[in-house]
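A look at the structure
Given next are the chains, with one letter for each unit.
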Amino acid sequence: MTPLIAADVTAIVLVTCLMLAVPAMPGPTTPFGVRVSHARAGDPAVIAQRRVYARLALAVGACAVAVSLPLLVRGGSASVVGATVTALVVADLLLYWRSARRLRAAKLAGGWRDEQRQGVTVDTTFRTDPVRLPWSWALPGAATLLLTAGLGWWRYGDLPATLPRFSGYGVDAARREPVTVLTAFAPVMYQLAVTLLILAVTLLLLRARPDLDAARPVGSARRYRVYLGGMARLSLLGVACLNLGLLASALQLWTVVAPSTLWTVVTHLPSVSLLVAWLVWESRVGHAGHRLPALPGEEDEDSGVTQRDDDRHWFLAGTVYVNRRDPAILLHARIGASWTVNLGHPVAWVLLAVLAGAGLLATLGVIDLPVRQSGF
């Protein structure tokens, strides 16, 4: 029971710390996903919502510990930990949404929208000279994939008749399956899917509409280029981290060893390292690179206008965007290093349908290869 309690407390602390950092991830002009001018970025209403959100998030985290620990002491299972973490994340997101609604109400009541002339800025060089994908950073992930495939080829002939069920980052020793090409090489297929998916998504993000500031067009465009380059490199390093975790799961699968705490740590350590690296990077560069230092001439840049107020198209604290008149399909969300699709565009719904269909087919397991009779 002690490992479960430790896992529960650790998960609650990590989730709470992450959610406490979320309000600092957006840019200064989009606190809680609400568009404000630079002059209003430090308004008392903004500061008050940050403080209230932090206090409530800490209180919810304390309540999660107070509720889950007695259940685990009385003989609760790992499902208690999962349910607690899920409920905690949902509660924190609701608190974030609450702060967004209250800040938007304060903005409307104070007439902030009419204080300064609004406008937009466009930088066509993002089309004529886009940020390139740093392909060399994909080599570690590709090397890990090839190493895993080679080890699988070497071990395939010596595998027993059945294997534990592969669950992505770990194995389920209680459920065994006949050895087929599909079950034996499931880790490799997962790695291939992760590699191709992240490469495709990164290429799309590099071509997405840039998030520029009409008040500081030159500086924001330069910072966004730097930001995109760092995001691309971090994404490709993420391929290597995720593939390393799948390699550890593959070794556990192919050596047919019982799950243990050590294997769990080894399997998830690369993913945790990736999360830490992403948090450090995001905290240093900020949303769309707004924390990057200004170059000479950019310190006092002011075009005399503020970014166009389009709050009416953003929902759920700046995470969902719906605008039928906007031709953009993919654009930067208003919370941290995240992007969202324009649900007002028909193509977005087609993409979502394709992804949902692919996920459904993967869940149902429509592909079934014959059981291995002998080695290759």
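First, a word on scope: everything that follows refers to the structure included in this document.

On to the overall build of the protein chain. Along the backbone of the protein chain there are 10 helices and 8 strands. Based on the C-alpha atoms only, the size of the protein chain along its principal axes is roughly 75 × 55 × 40 Å. Scored against the burial criterion, the 376 residues of the protein chain give a buried share of 41%. Sequence-distant contacts in the protein chain: of pairs separated by 6 or more residues, those separated by 24 or more amount to 74%. In the structure as shown, the protein chain presents an accessible area of about 19,900 Å², 68% of it carried by carbon and sulfur atoms. Looking at the protein chain, you have 34 positive and 23 negative side-chain charges, and the mean spots of the two groups are 4 Å apart.

What follows concerns the environment of Leu-88. Tracing the sequence through the fold places Leu-88 in helix H3 (residues 78–110). The exposure class assigned to Leu-88 is buried, which follows from its relative accessible area of 2%. Each C-alpha atom, one on Leu-88 and one on Met-19, is 9.7 Å from the other, the two residues being 69 residues apart in sequence. Filtering out sequence-adjacent residues up to four positions away, Leu-88 remains in contact with Ile-12, Val-15, Thr-16, Val-60, Gly-61 and Ala-64.

Before going further, it helps to examine the pattern of salt bridges. This structure, assessed with the given rule, holds 10 salt bridges. Taking the shortest distance from any N to any O, the salt bridge between Asp-326 and Arg-209 comes out at 2.8 Å. Residue Asp-326 is found in the loop between strand S6 (320–321) and strand S7 (330–332), and its partner Arg-209 is found in the loop between helix H7 (186–206) and helix H8 (217–255); the two are separated by 117 residues along the sequence. Among the residues examined, Asp-326 registers a relative accessible area of 7% and is labelled buried. On the accessibility criterion, Arg-209 (34% relative accessible area) is partly exposed. The salt bridge partner of Arg-334 is Asp-310, with a shortest N-O separation of 2.3 Å. Of this pair, Arg-334 sits in the loop between S7 and strand S8 (339–341) while Asp-310 sits in the loop between strand S4 (306–307) and strand S5 (314–315); the two residues are 24 residues apart in sequence, bridging distant segments of the chain.

All right, on to a nonpolar patch on the surface then. A cluster of nonpolar residues, Val-90, Leu-94, Trp-97, Phe-315, Leu-316 and Val-322, forms a patch on the protein surface that exposes about 540 Å² of accessible area. Of all the elements, H3 adds the most residues to the nonpolar patch, at 3 residues. Assignment of secondary structure puts Trp-97 in helix H3. Accessibility expressed as a relative area gives 36% for Trp-97, which makes it partly exposed.

H8 packs onto helix H5 (residues 139–156) with a crossing angle of 10 degrees between their chain directions and a minimal axis gap of 8 Å. Viewed along their axes, H5 and H8 adopt a mutual orientation that is roughly parallel. Counted together, Pro-140, Gly-141, Thr-144, Leu-145, Leu-147, Thr-148, Leu-151, Gly-152 and Arg-155 of H5 and Val-239, Ala-240, Asn-243, Leu-244, Leu-247, Ala-250, Leu-251, Trp-254 and Thr-255 of H8 form the full contact between these two elements.

If a strand is regular, its side chains alternate between the two faces of the sheet. Pairing of strand S2 (residues 162–166) with strand S3 (residues 171–178), which is carried by 5 bridges, proceeds in the antiparallel orientation. Bridge pairing in S3 links Leu-163 to Glu-177. Linking S2 back to S3 in an antiparallel pair, the connection comprises 4 residues, with Gly-168 at a positive phi of about 95 degrees.

A word on the nonpolar core. One finds Leu-206, Tyr-224, Leu-228, Met-231 and Trp-339 to be the most contacted residues of the largest nonpolar core, which totals 22 residues. Listing elements by their share of this core, those giving two or more residues are H7, H8 and helix H9 (261–285). Of the residues forming this core, the biggest block, 8 residues, is contributed by H8. Ignoring any residue separated from it by four or fewer positions in sequence, one finds Tyr-224 in contact with Phe-126, Arg-209, Pro-210, Asp-211, Leu-212, Ala-288, His-332 and Trp-339.

Once that is clear, we can look at the state of the cysteines. Here the structure, examined in full by the defined rule, presents 0 disulfides. Cys-63 supplies the cysteine sulfur nearest to Cys-17, a cysteine that is in no disulfide, at a spacing of 16 Å. Classification of Cys-17 by relative accessible area gives partly exposed; the value is 46%.

So, about the side chain of Glu-301. Tracing the chain through its elements places Glu-301 in the loop between H9 and S4. No salt bridge is formed by the buried Glu-301. Its closest oppositely charged neighbour is Arg-223, at 5.6 Å. A polar side-chain atom of Glu-301 sits 2.7 Å from the main-chain amide nitrogen of Val-218. Within polar-contact distance, the side chain of Glu-301 engages the backbone nitrogen of Gly-219 at 3.0 Å. Not counting residues within four places of it along the chain, the set of residues in contact with Glu-301 comprises Ala-215, Arg-216, Pro-217, Val-218 and Gly-219.

Bringing the side chain of Asp-311 into the picture now. Positionally, Asp-311 belongs in the loop between S4 and S5. Residue Asp-311 is classed as buried on the basis of its relative accessible area of 3%. Of note is the side chain of Asp-311, whose polar atom sits 3.1 Å from the backbone nitrogen of Arg-35.

Conventions adopted
- Residues numbered from 1 in each chain as written.
- Predicted model: local features only at pLDDT ≥ 70, side-chain atom pairs only at ≥ 80, totals over all residues.
- Heavy atoms only, no water.
- Helix = DSSP H or I, 4+ residues; strand = E, 2+ residues; numbered from the N terminus.
- Buried < 20%, exposed > 50% of the residue type's maximum accessible area, 1.4 Å probe, protein only.
- Contact = heavy atoms within 4.5 Å.
- Areas by Shrake-Rupley, 256 points an atom, 1.4 Å probe, with all protein chains shown as cover.
- Lys, Arg positive; Asp, Glu negative; His and termini not counted.
- Charge placed at Lys NZ, Arg CZ, Asp CG, Glu CD.
- Salt bridge = Lys/Arg side-chain N within 4 Å of Asp/Glu carboxyl O.
- Patch = residues over 30% accessible without salt bridge, like charges linked within 9 Å, V, L, I, M, F, W, Y side chains within 5 Å.
- Axes fitted to C-alpha atoms, helices over the stretch in contact; angles between N-to-C directions.
- Parallel < 35°, antiparallel > 145°, perpendicular 65-115°, else oblique.
- Pairing = 2+ DSSP bridges.
- Core = buried A, V, L, I, M, F, W, Y, C linked by side-chain atoms within 4.5 Å.
- Disulfide = S-S within 2.5 Å.
- Polar contact = N/O pair within 3.5 Å; in protein donor to acceptor, adjacent residues only side chain to side chain.

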